[in-house]
Every structure is written in C-alpha cells, then in structure tokens.
Amino acid sequence: MQLRDNLATENGWDIVEQRFDPDLLVTNGSNFMTGNGYLGYRGTFPEWRKAEYVGCVVTDTYDNADGKWTELCTVPNGLFAEAELVDIVSDRSPISLFEGNTFSYERVLNVRYGVQSRSVEWGRGNAAEVSIHDSRFASYTDRHLVCQTYSLDAHNDMKVRFTAGIDGDIWSLNGEHFSSCVPGEQDDFLFVDTVTQEKGVPVRVAAAVVMTGTAPTRSYSRIESSACYQVYEFDLEPGQRISFNQYMAVYSGNDTGNPHEAAFSSLKQAIATGYEALLVAHKAVWDARWTRCHVEIDGDLAAQTVLRYCLYQNIIATPDHTDHLPIGARGLSCQAYQGAAFWDQEVFNLPVYMYTEPEIARRILVYRYKTLNGARKKARDLGYGGAFYAWVSADTGEEICPSFFFKDVLTGRKIRNHFNDWQIHVSPDVAFTIWKYYQATGDFEFLVDYGAEMMFEIARFLWIRAFYNPARDRYEFIRLLGPDEYHENVDNNLFTNYQARYTFLRALQVYQLLAERHPNALESLKQKIDLSDTEPEQWQTILDKLYIPQPRDGDSVIPQFDGFFDLEDVRPEELETRLLDPGEYWGWPNGVAVHTQVAKQADVVQLFALHPDAYDVETMRANYAYYEPRAQHGSSLSLSVYSMVASWIGRMSQAYEYFMRSCTVDLFNSTKAVSGGTFIGGIHTAASGAAWQIVVFGFAGARVHQDGIYLDPNMPAQWERVSFLLTFQHKDVRVEVWSDRLSIAAAADNSTDVPILIRGERILVAPGETVER
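Residues numbered from 1 in each chain as written. Predicted model: local features only at pLDDT ≥ 70, side-chain atom pairs only at ≥ 80, totals over all residues. Heavy atoms only, no water.

Asks: How should the pairing of strand S14 (residues 130–138) be read in this particular structure?
Replies: Successive residues of a regular strand alternate their side chains across the two faces of the sheet. With respect to burial, S14 is a largely interior element, 8 of its 9 residues being buried. As judged from the 8 bridges shared by strand S13 (residues 115–123) and S14, these two strands associate in the antiparallel manner. Bridged to Gln116 within S14 is Arg136. Here S14 folds back onto strand S15 (residues 145–154) in antiparallel fashion, the turn holding 6 residues. (Buried < 20%, exposed > 50% of the residue type's maximum accessible area, 1.4 Å probe, protein only. Helix = DSSP H or I, 4+ residues; strand = E, 2+ residues; numbered from the N terminus. Pairing = 2+ DSSP bridges.)

As structure tokens, then:
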C-alpha cells in the first residue's frame, strides 16, 4: 500500500522507501533509525560518513563543548563498511548511491522488531555489477550492542576491496565533544577510546568484523589517526558472495567503572551467540513489548501503519532500563534539543506507559525525583523557593536551556527567549502527572518515597511565585510563557493558572493522604524539607483565591491570557506573507505573531486535553472553533491535541485529519528542521507518544480516574474495530471498540473486579470475564 510519494507499506509493520532521495539525508537518517533506549543509531547506510549525517547518539554522555549547548554525544561509528571495485592498482570505484547507476533500490524499516534493511543493485555502466543487502538492529538483550550484517553478490568477475571498522570522524551539532580519540586493535577487536571535553568521561567504542562468506585473498588492519579498520580483498566470480557480520559495542564511564573491558566483553558474547540468535532474542523482547502497548486498527491500513511507527519511535526513545535519565524531545535520533526532557515527557510521552507498562512510567517519574535538587537550585537562583523544574532537563536537572535559543535571521543578533524562566507550567505539569500516576496505579509507596516531596516542593514554588493583587483580592500569575511560545511576558495564562490550581488541590490531598495513612512519613518529610504546619494553609488560601480566566459572555470563548482579545485578529496564512525571510522566528520579542492572536500551538485547547471534564462540551466546542483557525501548529505537540478534542466534540473529519498529520510529522517530513537559525530536526518524540493518546483517549474516549476506567467512544467512520490494553491499578483489561458496540475483557489473573463506566453506565468486570455493550 502506498502511504505517500516514495513511502509504502506491505503489511502495516514496515515502512518501505522505494527510491533513494539524496535531498532527504537528514530527515531519513532520523526516520529510519534503530535504537533501544540506551543508544540511537541513525538510519544511514554502512558506507556513509560524517557528510551523510551518520550518528550514534548515546545516553548519559551529556557534554558542553561550545560553552552554550549541553547535549548528548555522538560516538565513533563502529559499523562502517565500504565495498570498492578494484580494476587496477590506481583505479577504485566505491559502491555508492551517489555515483554509478542504481538499478533497483529498497530500504525497509521493520517497526515490529526495529530492523533497518537495504537491498540495492548497482553498477558503473548499463548493467548491474553487484547486489548488496545490509541489515541492522540495536539489541534489546544487550543495550550496548548494535548488530549489522552485510552481503555482496557478484554479477561478473571482479576484484573487491571491503573495508569495515570504526570511523572516528563524528557528525556533531555543537562542537567537538571529545578531548582525545585513540584508535587501536586488541585481541582481534578494533576500538576507539575517547574522553568527553567537559567532565572527562571515558567512552569506548569497540567493533568486531566476522566474515561468513567467500574467503578473501588478502586481509590486513589499517589504523588511522581517529579510525581503525579491517580490510579484505577478494577475487570474485559471478554468483559468489562475500558476507560479514559486524558488532559494535559502546560503554561510557557513566555506565561502568571499566568501559574498556565491558565493551570487549559485550563483543565476545555477541560473537559467541551469533547474529541470527541475537536477532531471535531481540525479537522476543519486542514481541513482549507489543503485547502491552499495541493498538490494533481494522479497516485502515495507513492509520495502523503510522500509529505503529509512532509507538516504535516512542519506545526506542525511552530509557526504560534506568530511572535517572529523561526521554529527550528528539529522543536519540540526533543531538537536537540536547537529548533532554521538556514538559513533553510527562504530558505526551509518559501516558502510554502509565496505562500499559506503569513500571516504566514510575521510572520516568523517579527521574524527576532524582533531579529535584536541580529544580530546587533553579528556583533559588531565580529568587524563589521550592522546585522550579528545568525547561530543558538533562542528567542533573539543572537548567540547560540557553537564554539565547534563537537568533534574528535578518540581523544576525541573538534573541533573548524566556523559556527557562517564564515558562513555569513545567513544574505543575510534573505535579499533574504524579497525581495521574497515583490514580492509575494506586501506588501509595511511590507517593511516600518520591511523589509527596515533589508535589510539596512544586506547591511551595508556586506559592512563592504567585502574585497577590490587592485591588482585586485575588492571586495571579504574571510574566508567563504558556504552551503557545510565541507570546511571552503575558499575565494569567489560562493553562498555567489552571495547572497551578490543580497542583495546590492535589498537593493538599497528598498531604491529607499521608496524614491519614502514614503520619510518620509525613512528619519525616516535613522535617526534611522544613515544611511548617501553616504552609499548606497558604496553599489553600491561594487555591481559594487564584484567578482562572473565565468564558466571556456571548460566545463562551476563554481568553488565553489577559488582553488576548485586544491583539490583532489575523490568521497564520496572512502572517506568513509578512515574513521577510522564511527562517524568521515568529515569536518574542519582535516576530510576526507577537502582537496577533496567532498561536504557535494549542494552549486553551491544550488545557481541555488534560482536563476533559473541567468544561462542558459546548464550551469546548466554542473554544475549539475560535482557536483552531488561529493555530499555526508550529509545534508538533499541537496536532495531537486538536485531534483529541475534535473527537470529543464530534468534529470527526478534523479529528482524523489531525491524527494522520500528527502521526506523520516526521515520516512525511512536514516540519522545518531549522527555526530562527537553530537546528531542531530529528524525531518529534512527543508526537510519537501522543499517537497512542489520540486513539485511546480521543477516539475510544477512555479516561482513567481513581474510581475506574471511563469509556465513551467516537470512532472515525472508516475504522471497523480498535483494540487495546489498559491497566488500572495493576489489573489488565482488553478493550475492543466497534462502530455499534464495545467489549471489555478482564485478564484472568486480575486480583479483583475492574470498575468500568460506559457512557455513564457503571459495571464491574470480574477476572476472566468479558462484557459487551
């Protein structure tokens, strides 16, 4: 089935590129990547180098090389492999997609198992001389390991030189991250040892090349200044094949005390196991993951395919093996957005885990606990108290978002943005997710050990940050930057104020929970963070008097912030005509959108997505109708939000359109890679995580509260059936939705009944029982 232009699918589990497009090197390097949460290997080809944006991005290697950008490192490429046709000593013809002639070409990303494969027929003249097939996966049984197989079939008599090993010339966005690069060979293994610039962390990339086909006439090693290779020479006849398995192992000093030996040990185990057995074990891990998070769609193969693609990208971006690292806004697809967490992590990436694999959601929230001191430091540095979480958060939780993120492309001058000091909603977004996690899991132990402390410190920060307006006898939040990042320095942003009020409400509930169920833990925590008995009373005072912008009379539209309706009412299409340069940043301080009602992304509508029961349907309809034509969707976060809300208010054609657009922001290359002079390409992991929410929360109408699972589906007309798993307080149910009915099947090993509310009807589904309505 053709998906679009050059992309197709054969079975809904694969993305097939039908012809090579050299203009899409950056985009497809991300789109066809493989990964495992520890590392991400870009979807490039074995013979490519730095110029083609080859990159292996590794977690927990944060480094600042240029004094501005702290980012993850791309490490030396241990899977380099190049074949050359050698006619005479001075004549070499690299087999390259940029030279000669390509007679057939196909690249496939199998998203079920995270395997990229390529098949190509190539020659220098009018006929193919060789057929090449290569395949790669980032192992889920040894996350430090990437495996590759490469084969070449000769069509004619020929001499072939095959070079494989480690290329240390690295593509890096913001400077050279390694102070040294030492290649070598030991015990038949190649290695490149590096040390990071800022913190002096050692990193070893080790590689092994195992020949599995025709024997070479000659082989030797070649060590260069920053690279090391094995070289093999062959005399081939028609029909002969050369084939190799390659293994790349990566360890840093943050992973183990001896990364050198660890990398070699990984290679030894890989060679002993063999490529095919490694792949079988790797597939078994993926099969287990898909049984939890997979969403089946019958009747729409295109939707099924792009949904699976998004789920795949969200999984490989998540460091689910640990509890001290974040989900990066571009995952591990490249260094853009610094491999760091934004509010995207809690609001867009995490919910799929919360309701399918809650142990992963817990680890991600524990990461926020382990970076709580960084949030405290940020609050102190800005003159507050409590916890103000970093807008861009890496390993320590200290703010790494530069104050000058963009530049004015017309003047070349730096733009002072306030993402890192005015965009305070990140902290209540964390608090919101902590409470949602508790509702979904009933994990009181998490509240005692981690959640309560975070909630109280966030509430403390908001208490100090709030502004009391004596003229109106109310509390406000001023000088803000909401989800719509084009409008900075605004007062009483609806989203921020509502999330703050929600935080005070839930923090007080958590305080009461601990007082009732674990008073000793509460007293210990109060002593630890110096929380007085009167401080929660202050939270209650602000809760009672916090200003929340209200729907205006006549049309029920809620102002996004104070004075919003006084701004010029214009549409994004008109604003685009005012640009002097297509690369201009539209926002603060002098972008074309600043003094208009054009929003970068969902803001008021974003609030509805998080709190669907806070407003009645008519109010949601009125605000959707007002804000939708004024949204530029300059952020990949926006489309999913509009899709969900559209499905709740009955705008099904728009809901489906936004769903497909959200799921294909990367696959169809529909976003810009550079904004305001800053590279922001790579996989938009928030859109990937949000795909699950659109289907489950949006079309299936699922909502999880402390008293059970709510279902009120409204599916696209072309969909015949949707099926997915939900877990509620450690009990699984399988939900199936058709156009005229739905089915809920409770797992046989559930400990108790699961409460379900279907369009207001409350039922209890017993273990092993299936109920239809």
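On we go.
Asks: Would you mind showing me how to read the sheet that holds strand S36 (residues 742–746) here?
Replies: Pairing between sheet strands relies on hydrogen bonds along the backbone, with the strands arranged either parallel or antiparallel. Taking strand neighbours across the sheet as the criterion, the 5 strands line up as S23-S34-S35-S36-S39 in an open arrangement whose pairing is antiparallel. Of all the strands in the sheet, the pair left with one neighbour each is strand S23 (296–298) and strand S39 (770–772). Within the sheet, the average angular offset between the axes of one strand and its neighbour, ignoring direction, is 20 degrees. With 8 bridges joining them, strand S34 (residues 721–728) and strand S35 (residues 731–738) adopt antiparallel strand pairing. In the sheet register, Arg721 faces S35, and the bridge partner there is Trp738. (Axes fitted to C-alpha atoms, helices over the stretch in contact; angles between N-to-C directions.)

Asks: Where do I start with the layout of surface pockets in this structure?
Replies: Vacant regions in the atomic arrangement are exposed by a probe of water-molecule size rolled over the atoms. For the largest pocket, the calculated volume is near 780 Å³. Around the largest pocket, the lining comprises 40 residues; the ones closest to its centre are Lys600, His633, Gly634, Ser635 and Ser636. Elements with a contribution of two residues or more to the lining of the largest pocket: helix H17 (637–648) and helix H18 (652–663). Along the lines of polarity and charge, the residues of the lining of the largest pocket split into 19 nonpolar, 11 polar and 10 charged. The computed volume of the second largest pocket comes to approximately 440 Å³. Along the walls of the second largest pocket sit 28 residues, with Phe432, Lys436, Ala609, Leu610 and Pro612 positioned nearest its centre. Counting only elements with at least two residues in the lining of the second largest pocket, the list comes to helix H5 (344–349), helix H6 (351–354), helix H9 (426–441), helix H11 (494–517), helix H15 (604–610), H17, helix H19 (685–699) and strand S32 (703–705). (1 Å grid on protein atoms, 1.4 Å probe; cavity = no way out; pocket = protein on both sides within 12 Å on 5 of 7 lines; lining within 4 Å. Points joined across faces, edges and corners; volume = space filled by probe spheres on them. Nonpolar A, V, L, I, M, F, W, Y, C, P; charged D, E, K, R; others polar.)

Asks: What's the story with the state of the cysteines in this structure? I'm lost.
Replies: Covalent bonding between the sulfur atoms of two cysteines defines a disulfide. Scanning the entire structure with this criterion turns up 0 disulfides. The thiol sulfur of Cys56 is not disulfide-bonded, and the nearest other cysteine sulfur, from Cys73, lies at 11 Å. Cysteine Cys147 remains unbridged, with the sulfur of Cys56 as its closest cysteine sulfur at 12 Å. (Disulfide = S-S within 2.5 Å.)

Asks: So what exactly am I meant to see when it comes to H17 here?
Replies: Among the 12 residues that make up H17, 12 are buried, leaving the element largely enclosed by the rest of the structure. Of the residues making up H17, those classed as buried are Leu637, Ser638, Leu639, Ser640, Val641, Tyr642, Ser643, Met644, Val645, Ala646, Ser647 and Trp648. Buried residues belonging to H17 abut H5, H15, helix H16 (617–627), H18, H19 and S32. A positive phi of about 90 degrees marks Gly650, the residue just after H17. (Contact = heavy atoms within 4.5 Å.)

Asks: How should I be thinking about empty space enclosed by the protein in this particular structure?
Replies: The final tally for this structure, using the stated rule, is 8 cavities of 30 Å³ or more. Its volume calculated, the largest cavity comes out at about 80 Å³. A class-by-class count of the residues in the lining of the largest cavity yields 7 nonpolar, 2 polar and 4 charged. Around the second largest cavity, the lining comprises 13 residues; the ones closest to its centre are Thr59, Pro326, Gly328, Leu332 and Gly339.

Asks: I keep staring at the packing of aromatic side chains and nothing clicks. Help me out?
Replies: Applying the stated criterion across every chain yields a total of 59 aromatic pairs. Ring geometry for Phe20 against Tyr105: centres 6.0 Å apart, planes inclined by 55 degrees, an arrangement best described as tilted. Taken as a pair, Phe20 in the loop between strand S3 (14–17) and helix H1 (25–31) and Tyr105 in strand S12 (residues 101–110) lie far apart in primary sequence, 85 residues in all. For the pair Phe20 and Tyr105, one class covers both residues: buried. Measuring from centroid to centroid gives 5.3 Å for Tyr626 and Tyr627, while their planes differ by 75 degrees, and the two rings are edge-to-face. (Phe/Tyr/Trp six-rings, centres within 6.5 Å; stacked < 30°, edge-to-face > 60°.)

Asks: Explain H16 to me, please; I cannot follow it from the model alone.
Replies: Residues spaced three or four apart along an α-helix face the same direction, because each turn holds 3.6 residues. Within H16 the residues assigned to the buried category are Thr619, Met620, Ala622, Asn623, Tyr624, Tyr626 and Tyr627. For H16, the N-terminal cap is Asp616; the gap from its side-chain oxygen to the backbone nitrogen of Glu618 is 3.2 Å. (Polar contact = N/O pair within 3.5 Å; in protein donor to acceptor, adjacent residues only side chain to side chain.)

Asks: Mind showing me how you'd approach the environment of Asp613 here?
Replies: Inspection of the secondary structure assignment puts Asp613 in the loop between H15 and H16. Here the alpha-carbon distance between Asp613 and Cys663, two residues 50 residues apart in the chain, equals 26 Å. A distance of 3.1 Å separates the side chain of Asp613 from the side chain of His705, its partner in a polar contact.

Asks: Teacher, can you tell me more about the nonpolar core here?
Replies: Across soluble globular proteins, nonpolar side chains show a tendency to be buried alongside one another. Grouped together as the largest cluster of nonpolar side chains are 216 residues, with contacts concentrated most on Phe456, Phe659, Trp719 and Leu726. In terms of residue count, the dominant contributor to this core is H11 (12 residues). In contact with Phe456, not counting residues within four places along its chain, are Ala507, Val510, Tyr511, Leu522, Leu525, Ile529, Leu531 and Trp539. Within the second largest apolar cluster, 49 residues are counted, among which are Phe45, Ile170, Val203 and Val205. (Core = buried A, V, L, I, M, F, W, Y, C linked by side-chain atoms within 4.5 Å.)

Asks: Quick question: what am I supposed to make of the pattern of salt bridges here?
Replies: When the charged atoms of two side chains lie near each other, side chains of opposite charge can form a pair. Enumeration according to the criterion identifies 50 salt bridges in this entry. For Lys159, the salt bridge identified is with Asp235, shortest N-O distance 2.9 Å. Taken as a pair, Lys159 in strand S16 (residues 158–167) and Asp235 in strand S21 (residues 227–236) lie far apart in primary sequence, 76 residues in all. Of the charged contacts in the structure, one is a salt bridge between Asp421 and Arg416, with a shortest N-O distance of 3.2 Å. Here Arg416 falls in the partly exposed class, since its relative accessible area comes to 27%. Where salt bridges share partners, they join Arg376, Glu453, Glu457, Arg460, Lys528 and Glu535 into one cluster. (Salt bridge = Lys/Arg side-chain N within 4 Å of Asp/Glu carboxyl O.)

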